[in-house]
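The primary structure of each chain is shown beneath.
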Amino acid sequence: MASFAAPTSNEWNDILAQKGENTFVVLKIEKKTISVLHTGKGLTKLKKILSTPESEQSVLGVGFVVYGVDTRGGVTSKRQKAFRVDWMGIRVSPMKRGLQLKCKSHVSEYFSSCNIILQSNSVDDLDEFELTNQLLASGGAHKPKCYDFGDGANTIEDILAKKNEPVSVPTTNSTTEDISKKMEATTVTNTEKKAPVATIQKVPTSTKAPVIAATTTATTTTTTTTTTTTTTTTTNNDTADFDSSQTHAILLTSSYGSGGGGQAGKCKKLEDTFAALKIRFKNIDGADAKNKEIRNELFGISGVRGNYPQTFLKNSDGTTSFIGDYDALIDLIESNDIPDDILKQNPGIQTFNVVFSECKQ
């Protein structure tokens, strides 16, 4: 049987070396081969390629670069950032879905030196606004004046202003359309409280939660717990095992089975943990095309696209708040072991039991 191998061509290395004008490479992953399908310049052209019927039916590996641009004293400097996108078209057959996981190491080998890795089946994830927030979250102390996605440099302020978002708060409020209503047809699993969610103050502990073990694997997003609230109209979900007007957690996961930082395993661990702790929750599969609208609304609330799992709290008053990513949930669970006297002295410390207390079955 023929085995997969990374393409031996130099298109991606040429882009990293800034040879020529190309800024992206698209690989096509088929039954026995991985081949270069497209090369080109600019995010606009790349999104057009990914919007075609062929891309909707394909498993692809995508690499593209973005430049941070500064001009000082008449000298222009450009710093390169590289993205890799594990693309699973929305019409890919179940038999082909396993190709992405099977070829992941070869695609990663080809797209060397990538700073940010995303999973996606929608060009909405490649919006300049969203990518800029990813870059700002993963960048160092120096923030460039402009970003160039291959179509010309724009200031960070101008990019973020396209969605009327303040630079310091990379989130987008959802519409007043009811998030609960959109989830009526989604899988519901069992899941505890809503409290004002604050940034976690980490306190050293000697023990860990019994259900999930913390990992040291780096992810492409900053591990913090933030709260962004949006008001929605609440309706009952007749397909749920509980009244959806009750406060409950939302787990945004992905069934792709691949992704940076062991995302599939992290999604499963959070699902198992919420079920074991008897927390009311709904599981939204972000890879399912039927969930595209609600997935994008949740991405807008968190300000982070293409990274799973993410956890939210749907309150009984109709508001939805972003709790955090996988590592933030690990911090909350570990905080359950903090002695009561320390918690009383530090009321700002949040624990899993406090945050999800109203979601307890």
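The structure presented is a predicted model; accordingly, all values stated were derived computationally and were not measured. (Residues numbered from 1 in each chain as written. Predicted model: local features only at pLDDT ≥ 70, side-chain atom pairs only at ≥ 80, totals over all residues. Heavy atoms only, no water.)

*Asks:* Mind showing me how you'd approach unusual backbone geometry here?
*Replies:* Most peptide bonds are trans, and most residues other than glycine sit at a negative phi. In this model, tyrosine 308 is joined to proline 309 through a cis peptide bond whose omega is -5°. Mapping proline 309 onto the fold places it in the loop between helix H10 (292-302) and strand E12 (310-314). In the Ramachandran plot, serine 113 falls in the positive-phi region, its phi being about 65° despite a non-glycine side chain. Within the secondary structure layout, serine 113 lies in the loop between helix H5 (104-110) and strand E5 (116-120). A positive phi angle is found at lysine 278, which is not glycine, with a value near 55°. (Helix = DSSP H or I, 4+ residues; strand = E, 2+ residues; numbered from the N terminus.)

*Asks:* Would you mind showing me how to read the pairing of E12 here?
*Replies:* Regular strands have side chains that alternate between both faces of the sheet. When you tally the buried positions in E12, you get 5 out of 5 residues, the bulk of the element. Taking every second residue as pointing to the same face, both faces of E12 are buried, with Gln310, Phe312 and Lys314 on one and Thr311 and Leu313 on the other. Relative to E12, strand E10 (residues 248-253) is paired through 5 bridges, and the arrangement is antiparallel. Looking at E12, one finds that isoleucine 250 is bridged to phenylalanine 312. (Buried < 20%, exposed > 50% of the residue type's maximum accessible area, 1.4 Å probe, protein only. Pairing = 2+ DSSP bridges.)

*Asks:* Just checking my understanding: could you explain the nonpolar core for this structure?
*Replies:* One recurring pattern in soluble globular proteins: nonpolar side chains tend to sit buried together. Of all hydrophobic cores here, the largest spans 25 residues; its most connected members are Leu46, Val62, Phe64 and Leu126. Of all elements in the fold, only strand E1 (24-29), helix H2 (43-50), strand E3 (59-72), strand E4 (75-88), E5, helix H6 (128-138) and helix H7 (156-161) reach the threshold of two or more residues within this core. What leucine 126 contacts, discounting residues up to four positions off in sequence, is Leu43, Leu46, Lys47, Leu50, Phe64, Val85, Leu118 and Leu131. If you look at the next biggest cluster of nonpolar residues, it comprises 21 residues, including Ile15, Leu27, Cys103 and Val107. (Core = buried A, V, L, I, M, F, W, Y, C linked by side-chain atoms within 4.5 Å. Contact = heavy atoms within 4.5 Å.)

*Asks:* What is the right way to read the pattern of salt bridges from this model?
*Replies:* Any two side chains of opposite charge can pair, so long as their charged atoms come close to each other. This structure, assessed with the given rule, holds 9 salt bridges. Glutamate 54 is the salt-bridge partner of lysine 28, the closest N and O atoms lying 3.5 Å from each other. Of this pair, lysine 28 sits in strand E1 while glutamate 54 sits in helix H3 (residues 53-56), and the two are 26 residues apart along the sequence. Look at lysine 28 and you get buried, because its relative accessible area is 18%. Among the residues examined, glutamate 54 registers a relative accessible area of 39% and is labelled partly exposed. The closest approach of N and O atoms between arginine 305 and aspartate 125, which form a salt bridge, is 3.0 Å. (Salt bridge = Lys/Arg side-chain N within 4 Å of Asp/Glu carboxyl O.)

*Asks:* What should I look at first to understand H2 in this one?
*Replies:* Residues of H2 that are buried: Leu43, Leu46, Ile49 and Leu50. Angularly, the buried residues of H2 cover 120° about the axis, an arc narrow enough to put them on a single face. Looking at the buried positions of H2, the neighbouring elements they touch are E1, strand E2 (34-40), H3, E3, E4 and H6. (Arc of directions from axis to C-beta.)

*Asks:* How should the environment of isoleucine 116 be read in this particular structure?
*Replies:* Here isoleucine 116 shows up in strand E5. Separated by 33 residues in the primary sequence, isoleucine 116 and phenylalanine 83 have C-alpha atoms spaced 4.9 Å apart.

*Asks:* Hey, could you run me through the packing of helix H9 (residues 263-276) against helix H11 (residues 326-335) in this one?
*Replies:* The relative placement of two packed helices is expressed as an angle between their axes plus a distance between the axes. For the pair H9 and H11, the least separation of the axes is 11 Å and the interaxial angle reads 35°. Like other packed secondary-structure pairs, H9 and H11 cross with a definite hand, here left-handed. Counting all contacts with H9, which are made through Lys266, Lys269, Leu270, Thr273 and Phe274, the residues of H11 involved are Tyr326, Leu329 and Ile333. Per-class residue counts for the contact of H9 with H11 are 5 nonpolar, 1 polar and 2 charged. (Axes fitted to C-alpha atoms, helices over the stretch in contact; angles between N-to-C directions. Left-handed = near helix turned anticlockwise from the far one by under 90°. Nonpolar A, V, L, I, M, F, W, Y, C, P; charged D, E, K, R; others polar.)

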